[in-house]
Amino acid sequence: MAKKSKADMSCARVKKYTSSDVSKAERHNERKNETYENMNVIAERIPYNVHFKEPTSPTYMEQLKQMEQDGKVSLRGLRKDATLFNEIVIDVNTMYFERNGGYEYAKQFYEEAFHFIEEKFGADNVISAVMHADERLVEPNIDNMLKVTNDGRKLALDQRMIDPMLPDDPESKVNTCIDNVHRIWEEHADTKAAQLIFCDLSTPKNDGSFNVYDDIREKLIRRGVPAEQIRFIHEATTDVQKKELFAKVRSGEVRILLGSTQKMGAGTNVQDKLVALHNLDCPWRPSDVGRILRTFKIKKNVEVTDNGKDNF
């Protein structure tokens, strides 16, 4: 009998969680964190994850309490450290999926696994089921569809993200954005109107290496924009600092604010003087685009631009 290859083997393991430690697992499973210490999680790949079943409540604990109210479960008499959640993790060797159809086959495999779990433990008892396709499946130097796609997005933004030694293309997405930002800054000097610039692929590193944020700020300063009017959302590391920064944008003291989708998305209350929003690398989800549009009722002349180039 031939020995079975390790590539054809899978491993199912169970993790147990109490009310006090389930939130950490939830943030990881539902990808609610802004950053991940686990180097195997590639943030750019998160949109490839597949939810076969999404939680119907904001948190796992809230959904469990709702299930109790609906009479589906009972938590009465349980100790505070009682196990409330069992997480079933199914690990499969990447080579198995690569040989049998790749990403589409992986989705089929995990969907069948999800239905098996539903039948085994009851559909109502399954709160969430997700396939994580954002974890590093192959060595980063080996070409694969996700790597090629990510490199394409970087190249569409600025070729120096692929190789810092490449020339600065005057017609790049970044330089087109700088032209637009500077034009609008001059046109609205009398009202001190503000602008937002969203960029996810090249955030500031503070290590001297090339990044889009520093490149934009340096070029705008050379064109005459005061340095104090240009800020990065990353500079505000606490809620108090964010409130102070947002207040400066609303007052016109800060007129150009750069940030990522995660750090400058929901809760960014700066729309009072906003006249333009620039998306340098369009996010994956439509819900993350056009945050300034809700102010149309009080602002008619709002400009939203993708800076004239596709992502790929």
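As a reminder, the structure under discussion sits directly above these lines.
Residues numbered from 1 in each chain as written. Predicted model: local features only at pLDDT ≥ 70, side-chain atom pairs only at ≥ 80, totals over all residues. Heavy atoms only, no water.

Undergrad: I'm lost on the environment of Pro283 in this one. Help?
TA: By secondary structure assignment, the location of Pro283 is in the loop between β8 (274-279) and β9 (303-305). Of the residues examined, Pro283 reaches a relative accessible area of 11% and is grouped as buried. Spatially, the C-alpha atoms of Pro283 and Ser260 are 9.6 Å apart, while their sequence positions differ by 23 residues. (Helix = DSSP H or I, 4+ residues; strand = E, 2+ residues; numbered from the N terminus. Buried < 20%, exposed > 50% of the residue type's maximum accessible area, 1.4 Å probe, protein only.)

Undergrad: In this structure, what is going on with helix α6 (residues 173-187)? I would like to understand it.
TA: Side chains three or four residues apart in an α-helix point the same way, a direct result of the helix having 3.6 residues per turn. For α6, with 15 residues, the first-to-last C-alpha span of 21 Å sits near the 21 Å given by 1.5 Å per residue. Taken as a whole, α6 has its buried residues at Lys173, Val174, Asn175, Cys177, Ile178, Asn180, Val181, His182, Ile184 and Trp185. (Expected span 1.5 Å × (residues − 1).)

Undergrad: So what exactly am I meant to see when it comes to the environment of Pro58 here?
TA: The residue Pro58 is located in the loop between β2 (50-53) and α2 (60-69) in this model. A residue is classified by how much of its surface remains accessible, and Pro58, at 56% relative accessible area, is exposed. Excluding residues within four positions of it along the chain, Pro58 makes contact with Glu26 and Lys32. (Contact = heavy atoms within 4.5 Å.)

Undergrad: Teacher, can you tell me more about the pattern of salt bridges here?
TA: Side-chain pairs of opposite charge can arise where the charged atoms are in close proximity. This structure, assessed with the given rule, holds 15 salt bridges. Among the ionic pairs, Lys32 bridges to Glu26, the shortest N-O distance being 2.5 Å. Using a relative accessible area of 6% as the deciding quantity, one classes Glu26 as buried. In this structure, the salt-bridge partner of Arg217 is Glu235, at a minimum N-O distance of 3.2 Å. Placement of Arg217 in helix α7 (residues 212-222) and of Glu235 in the loop between β6 (230-232) and α8 (239-251) is noted, with a sequence separation of 18 residues between them. (Salt bridge = Lys/Arg side-chain N within 4 Å of Asp/Glu carboxyl O.)

Undergrad: How should I be thinking about unusual backbone geometry in this particular structure?
TA: Residues apart from glycine generally show negative phi values, whereas peptide bonds are mostly found in trans. Positive phi outside glycine occurs at Arg31, with the angle close to 55 degrees. Tracing the backbone shows Arg31 in the loop between α1 (22-29) and β2. In this structure Arg31 comes out as buried when scored by relative accessible area, which is 9%. One non-glycine residue, Lys192, lies in positive phi territory at about 55 degrees. Mapped onto the elements of the fold, Lys192 is located in the loop between α6 and β5 (194-198). Assessed through its relative accessible area of 46%, Lys192 is described here as partly exposed.

Undergrad: Just to check I follow, could you spell out the nonpolar core for this structure?
TA: Ranked by size, the top nonpolar core spans 20 residues in total, and within it Ile216 and Ile256 carry the most contacts. Of all the elements in the fold, those that place two or more residues in this core are α6, α7, β6 and β7 (256-259). With 5 residues, α6 is the largest single contributor of residues to this core. Residues within four places of Ile256 in sequence aside, it is in contact with Val181, Trp185, Gln195, Ile197, Leu220, Val225, Gln229, Ile230 and Arg231. Within the second largest apolar cluster, 14 residues are counted, among which are Ala194, Phe198, Val270 and Leu274. (Core = buried A, V, L, I, M, F, W, Y, C linked by side-chain atoms within 4.5 Å.)

Undergrad: Explain the packing of α6 against α7 here, please?
TA: For any two helices packed against each other, one specifies the crossing angle of their axes together with the interaxial distance. For the pair α6 and α7, the least separation of the axes is 10 Å and the interaxial angle reads 40 degrees. Overall, the two elements α6 and α7 adopt an arrangement that is oblique. The two elements α6 and α7 cross, and the hand of that crossing is right-handed. For the pair formed by α6 and α7, the contact residues are Val174, Asn175, Ile178, Val181 and His182 on the first element and Val212, Asp215, Ile216, Lys219 and Leu220 on the second. Of the residues contributing to the contact of α6 with α7, the split by class is 6 nonpolar, 2 polar and 2 charged. (Axes fitted to C-alpha atoms, helices over the stretch in contact; angles between N-to-C directions. Parallel < 35°, antiparallel > 145°, perpendicular 65-115°, else oblique. Left-handed = near helix turned anticlockwise from the far one by under 90°. Nonpolar A, V, L, I, M, F, W, Y, C, P; charged D, E, K, R; others polar.)

Undergrad: Just to check I follow, could you spell out a nonpolar patch on the surface for this structure?
TA: Where nonpolar side chains cluster on the molecular surface, the patch consists of Val14, Ile88 and Phe121 and spans about 270 Å² of accessible area. Inspection of the secondary structure puts Val14 in strand β1 (residues 10-17). Of the residues examined, Val14 reaches a relative accessible area of 52% and is grouped as exposed. (Patch = residues over 30% accessible without salt bridge, like charges linked within 9 Å, V, L, I, M, F, W, Y side chains within 5 Å. Areas by Shrake-Rupley, 256 points an atom, 1.4 Å probe, with all protein chains shown as cover.)

Undergrad: Can you help me understand the side chain of Thr268 in this one?
TA: Inspection of the secondary structure puts Thr268 in the loop between β7 and β8. A polar contact is formed between the side chain of Thr268 and the backbone oxygen of Met264, at a distance of 3.3 Å. (Polar contact = N/O pair within 3.5 Å; in protein donor to acceptor, adjacent residues only side chain to side chain.)

These figures capture arrangement, not role.
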